[in-house]
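# A closer look at the structure
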Amino acid sequence: MLEIKDLKRHFTLSNGRRIRAVDGVSFQVQKNEILGIVGESGCGKSTLGRLILRLIEPDEGQVFFGGEEITSLNRAALRSRRRTMQMVFQNPFSSFNPKIRIGGALMEVCRYYGMSVPEAKEKINCLLSDVGLSSDMLNRWPRELSGGQLQRLAIARAVIAEPSMLIADEPLSALDVSVQAQLLNLLDDLRAARSMAMIFISHDMTVVEYFCDSIAVMYLGKIMELASSSELSHNALHPYTRSLKASAPSLDVFKDSAEEKASSVYGETPNLQVLIKGCPFAPRCSHALPQCAETLPRLIEFLRGHWVRCHRFSVC
Ligand SMILES: Nc1ncnc2c1ncn2[C@@H]1O[C@H](COP(=O)(O)OP(=O)(O)OP(=O)(O)O)[C@@H](O)[C@H]1O
Ligand SMILES: [Mg+2]
């Protein structure tokens, strides 16, 4: 359904330095599939989501949706395709206009997609019940709602147009754990009912492993590992993926703390403005080889369906 080929977006800062926010990302998402994108803050997850929808333009690379290349569409053609691809943004508090009541905000979107007023009203009521909210929300202002309520409404607004692809950018951030679980169930129900494909962006490895069919692990604008969730949960290969998993909180009292410590990630995310010659993770990697500082490893299919970017696996 969705194919991304070598997508790149670099930003030039006022000091002239370049940030490689998304640096050659490729993957595919099938119908009904949930692909998780996981990585530390600043690794390029939101930029990638925005590039796929062309909310920002890529420097290089292509995005194909249903076989059609959307990176080369003009504005008018893109607008008509947007209906099929929607995004839930990271911050629910800034995704609604504070000066428009919730009912008005949802109606605006319905009208944008050409629905009549009665059609729109029916659609909105139906969606409110799908996301577990009552119709008295419609008269409320965004500031009168909690983060969880707003995020449900943001999801409802995103599925008004019945998209076949939903990009959910950290939809659970800033929500408490019980609301997070409800929202995950809601997203999964909507996905199943509408046969949607989904890209689920998160920095939480535990949630991504639980919720997604496959996972792409990103580091400094690049995919370091890509595999099914079950494969990644039992057989993570990349030292960065292993360190992300080791740093995830666990209730398992038998978890081997020695192993956990050995693979925990040390140091801070490097400065994106500095060009890294070799593997971007090498400065923090306890398994780094001499060539890791010199050349960037390729993303290779080390096991069937399991891709990894690491010299330790390139040499085998
Ligand atoms: N418009 C912009 N101009 C300059 N730099 C930008 C711009 N947008 C993003 N960046 C930079 O690109 C990098 C990736 O940003 P992005 O928002 O995609 O990260 P993220 O993985 O979504 O992080 P988080 O988990 O904190 O949401 C960051 O270093 C960010 O500062
Ligand atoms: Mg983000």
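Note: the structure precedes this text.
Anyway, here's the lowdown on the structure attached to this text. None of the values given here were measured: they were computed from a predicted structure. (Residues numbered from 1 in each chain as written. Chains lettered and ligands numbered in written order. Predicted model: local features only at pLDDT ≥ 70, side-chain atom pairs only at ≥ 80, totals over all residues.)

### Section: the sheet that holds strand 1 (residues 2–12)
One open sheet accounts for four strands, arranged 2-1-4-5; its pairing is antiparallel. For this open sheet the edge positions go to strand 2 (18–29) and strand 5 (68–69), each flanked by a neighbour on one side alone. With five bridges connecting them, strand 1 and strand 4 (residues 60–65) associate as antiparallel partners. Directly across from K8, in strand 4, lies its bridge partner E60. Seen against the sheet, helix 1 (residues 45–52) touches strand 1, strand 2 and strand 4 and runs at an angle of roughly 60° to strand 2. (Pairing = 2+ DSSP bridges. Helix = DSSP H or I, 4+ residues; strand = E, 2+ residues; numbered from the N terminus. Contact = placed C-beta atoms within 7 Å. Axes fitted to C-alpha atoms, helices over the stretch in contact; angles between N-to-C directions.)

### Overview of the packing of helix 5 (residues 147–159) against helix 6 (residues 177–194)
Put simply, helix 5 and helix 6 touch, their axes get as near as 11 Å, and they point 10° apart. One element, helix 5, and the other, helix 6, form an angle in the roughly parallel class. Together, G148, Q151, R152, I155 and V159 of helix 5 and V179, L183, L186, L187, L190 and R194 of helix 6 make up the contact between the two elements. (Parallel < 35°, antiparallel > 145°, perpendicular 65-115°, else oblique.)

### Topic: helix 5
An ideal rise of 1.5 Å per residue puts 18 Å on 13 residues; helix 5 measures up with 18 Å between its terminal C-alpha atoms. Extensive coverage of helix 5 is indicated by the burial of 11 of its 13 residues. If you check which residues of helix 5 are buried, you get G148, L150, Q151, R152, L153, A154, I155, A156, R157, A158 and V159. Each element contacted by the buried residues of helix 5 is listed here: strand 6 (85–88), helix 3 (102–112), helix 4 (117–130), strand 7 (165–169) and helix 6. (Expected span 1.5 Å × (residues − 1). Buried ≥ 20, exposed ≤ 12 C-beta atoms within 10 Å, placed from the backbone.)

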